[in-house]
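As a plain string of letters, each chain reads:
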Amino acid sequence: MQRLAVLGATGSIGTNTLDVLSRHQHHYQVTILAAYSNVAKMLELCLVHKPKYAVLLAAGAAKQLSEQLPSALNCEIIDSLDGLCQLMASDSYDTVMSAIVGAAGLLPTMAAVKQGKKVLLANKESLVMSGELFMQQAQQSGSIILPVDSEHNAIFQCLPDQIKDNLGHCDLSSAGVERILLTGSGGPFLNHDISALSQVTPEQACKHPNWSMGRKISVDSATMMNKGLEYIEAKWLFNASAEQIQVVIHPQSVIHSMVQYKDGSTVAQLGQPDMRTPIAHCLAHPQRIEAGVEPLDFFRVGQLSFVEPNYQRYPGLKMAIDACHQGQSYTTALNAANEEAVAAFLDKKIGFTDIYKANAEVLNFMQHQPLDCLDAILEWDKQARRIAQGIIKRMH
Ligand code: NAD
Ligand code: MG
């Protein structure tokens, strides 16, 4: 019996994870559920999964939950980030699904890594903010990191075992790998008139052609900042250089990413655009379990096409790739600025193209410096947010 903590339990990845887990109740037991503010959903999840701990971090949410949760469930309710981090350092679980959205996921995920837990990593922001430190900690503690993000999961599946067993510190070249092809759909504005992008609405931006996801990552897919964050994520997970990662637009989202080898082979992972597949893969690795996802029917897949990204359409992608090679302070600042800018866009305070303008201004404004510990990273994140908020205020 594997004991699981699901962080971000009420979100898109959390819901898909619990769906897969409920198909394999004899093998997995959910002992911790954590989320932000959705009391009704958390109550429902507690009644079904009967965890030992339920965590809600928004002010007042835990109290509301405790008033509604039947005491017979014997579920301890936690209301603070400190409390959640302590739980992550405890013996109450074996494996954590890290699926809190954004920078808020960093501390609890890091606490699990330090403790040497198995970490199924959906929260890509952890790696964007602190990739080097994160992978170092994992090596020191013996924590196993498995990538949930569909592209990184696909890449993982296409790589040889010697790489899989040494994520973060592997040598792609000596394993015969030429490059990683990181695919992305191009989002809802792949064919939109570039000069009209400043006018698009949050509703249009959140309408992803293939995937159903949370709102923040949906906007990031429309700007392709998501692919930029994934580029950074791939660099840290697979210890890849600039020459070893290439972004390829593949509008149908049938191929989830590929690996090219020195002998001319390209290995790809294909499947439905359904996160339950990579989630089930991580849960069972190195075995395979049912995910509730139908395999592809190749007679119905239709044509697969591939396009080179146009950085005029997706300036945020270029910005993230550049930041990746400039250093940790750039990617941490970009991640923070982008979270603020996307939230402002979703609130209709700024336009769609203002997102990358705000991000660029923040990156230019900051006096970059090496960030060598978690405290420095968190302080830098805060500073970038303050600057971003000032810039956003001037924009609307
Ligand atoms: P979502 O918005 O649907 O869910 C976010 C979850 O995080 C919710 O449970 C919410 O309660 C919780 N949360 C938010 N702020 C919090 C805080 N301050 N403290 C504690 N909990 C908090 O997001 P999602 O789409 O499920 O994405 C989750 C993560 O997975 C993100 O890092 C995203 O980049 C990554 N991811 C998602 C997908 C996808 O298909 N949805 C694919 C790949 C990677
Ligand atoms: Mg992805």
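Above this text is the structure in question.
Reading the values: rules and limits
Residues numbered from 1 in each chain as written. Chains lettered and ligands numbered in written order. Predicted model: local features only at pLDDT ≥ 70, side-chain atom pairs only at ≥ 80, totals over all residues. Heavy atoms only, no water. Axes fitted to C-alpha atoms, helices over the stretch in contact; angles between N-to-C directions. Helix = DSSP H or I, 4+ residues; strand = E, 2+ residues; numbered from the N terminus. Parallel < 35°, antiparallel > 145°, perpendicular 65-115°, else oblique. Left-handed = near helix turned anticlockwise from the far one by under 90°. Contact = heavy atoms within 4.5 Å. Nonpolar A, V, L, I, M, F, W, Y, C, P; charged D, E, K, R; others polar. Pairing = 2+ DSSP bridges. Buried < 20%, exposed > 50% of the residue type's maximum accessible area, 1.4 Å probe, protein only. Phe/Tyr/Trp six-rings, centres within 6.5 Å; stacked < 30°, edge-to-face > 60°. Near = heavy atom within 4 Å. Polar contact = N/O pair within 3.5 Å; in protein donor to acceptor, adjacent residues only side chain to side chain. Areas by Shrake-Rupley, 256 points an atom, 1.4 Å probe, with all protein chains shown as cover. Core = buried A, V, L, I, M, F, W, Y, C linked by side-chain atoms within 4.5 Å. Donors = N, O, S within 2.8 Å, 3.2 Å for Na, K, Ca; no water.

Engineer: Explain the packing of helix α7 (residues 150-158) against helix α12 (residues 276-284) to me, please; I cannot follow it from the model alone.
Structural biologist: In helix packing, the relevant descriptors are the interaxial angle and the interaxial distance, both defined with respect to the helix axes. At a closest axis distance of 9 Å, the pairing of α7 and α12 adopts a crossing angle of 50 degrees. On the basis of the axis angle, α7 is oblique to α12. The element α7 and its partner α12 pack so that their crossing is left-handed. From α7, Ser150, Asn153, Phe156 and Gln157 reach across to α12, where they touch Pro278, His281 and Cys282. Residue composition of the contact of α7 with α12, grouped by class: three nonpolar, four polar and no charged.

Engineer: For this particular structure, what's the right way to read the sheet that holds strand β4 (residues 76-78)?
Structural biologist: What links the strands of a sheet is backbone hydrogen bonding, and the strands pair in either a parallel or an antiparallel sense. With parallel pairing, the seven strands of this open sheet are ordered in space as β4-β3-β2-β1-β5-β6-β7. Strands at the two margins of the open sheet, each flanked by one partner only, are β4 and β7 (145-147). For this sheet, the mean angle separating the axes of adjacent strands, direction not counted, is 20 degrees. Examined bridge by bridge, strand β1 (residues 2-7) and strand β5 (residues 95-98) share four bridges and lie parallel to one another.

Engineer: Explain the side chain of Asn123 to me, please; I cannot follow it from the model alone.
Structural biologist: Among the structural elements, Asn123 can be located in the loop between β6 (118-121) and α6 (124-141). Looking at Asn123, the relative accessible area reads 1%, which means it is buried. Contacts of Asn123, omitting those with residues within four sequence positions, involve Ser98, Ile100, Val101, Gly102, Gly105 and Leu106.

Engineer: Teacher, can you tell me more about the packing of aromatic side chains here?
Structural biologist: For any pair of aromatic rings, the description consists of the separation of the ring centres together with the inter-plane angle of the planes. One pass over the structure, following the stated rule, counts two aromatic pairs. Summarising the aromatic geometry, the rings of Phe189 and Phe352 are spaced 5.2 Å apart at their centres and angled 80 degrees between planes, so their arrangement reads as edge-to-face. Taken as a pair, Phe189 in the loop between β8 (177-184) and α9 (202-205) and Phe352 in the loop between α15 (328-346) and α16 (354-365) lie far apart in primary sequence, 163 residues in all. Taking relative accessible area as the criterion, Phe352 reaches 5% and is therefore assigned buried. Ring centres 5.6 Å apart and planes at 65 degrees place the aromatic pair Phe345 and Phe352 in the edge-to-face group. Grouping residues by exposure puts Phe345 and Phe352 together as buried.

Engineer: I tried to follow the environment of Leu33 on my own but got confused; where do I start?
Structural biologist: Mapping Leu33 onto the fold places it in strand β2 (residues 28-35). Assessed through its relative accessible area of 0%, Leu33 is described here as buried. Separated by 151 residues in sequence, Leu33 and Gly184 place their C-alpha atoms 31 Å apart. Once residues lying within four places of it in the same chain are set aside, the contact partners of Leu33 are Val6, Ala9, Leu18, Met42, Leu45, Cys46, Pro51, Tyr53, Ala54 and Val55.

Engineer: Is there a simple way to think about the site of ligand 1 in this case?
Structural biologist: Taken together, 22 residues sit near ligand 1, with Thr10, Ser12, Ile13, Tyr36 and Glu125 positioned nearest. Between ligand 1 and Val101, the relevant distance is 3.3 Å, taken from an oxygen atom to a main-chain nitrogen or oxygen of the residue. At 2.7 Å, a side-chain N or O of Glu125 approaches an oxygen atom of ligand 1. Coverage of ligand 1 by the protein amounts to 86% of the 820 Å² it exposes when considered alone. Broken down by secondary-structure element, the contributors of at least two residues to the shell around ligand 1 are α1 (12-22) and α6.

Engineer: Just checking my understanding: could you explain the pairing of strand β9 (residues 245-249) for this structure?
Structural biologist: Each regular strand carries side chains that alternate between the two faces of the sheet. Taking burial as the measure, the five residues of β9 include four buried ones, the bulk of the element. By the bridge criterion, five bridges tie β8 to β9 in an arrangement that is parallel. Across the sheet, Gly184 pairs through a bridge with Ile249, a residue of β9.

Engineer: What exactly am I supposed to notice about the nonpolar core here?
Structural biologist: The nonpolar side chains of a soluble globular protein tend to be buried, and buried together. The biggest cluster of nonpolar side chains holds 135 residues, and the ones touching the most others in it are Leu33, Met88, Met97, Leu159, Phe238 and Phe352. Here this core takes nine residues from α15, the largest share from any one element. Dropping the residues within four chain positions of it, Met88 is found in contact with Ala5, Leu7, Ile32, Tyr93, Val96, Pro108, Ala111, Ala112, Gln115 and Lys117.

Engineer: What am I meant to see in the coordination of the magnesium ion (ligand 2) here?
Structural biologist: Ideal geometry at a metal gives 109.5 degrees between four tetrahedral donors and either 90 or 180 degrees between six octahedral ones. Each protein donor to the magnesium ion (ligand 2) is listed here as Asp149 (OD), Glu151 (OE) and Glu230 (OE); together their distances run 2.1 to 2.2 Å. As a motif over one chain, the donors of the magnesium ion (ligand 2) read D-x1-E-x78-E. Note that Glu151 is positioned in helix α7 and Glu230 in helix α11 (residues 225-238), a separation of 79 residues in sequence. For the residue pair Glu151 and Glu230, the accessibility class agrees, reading buried in each case.

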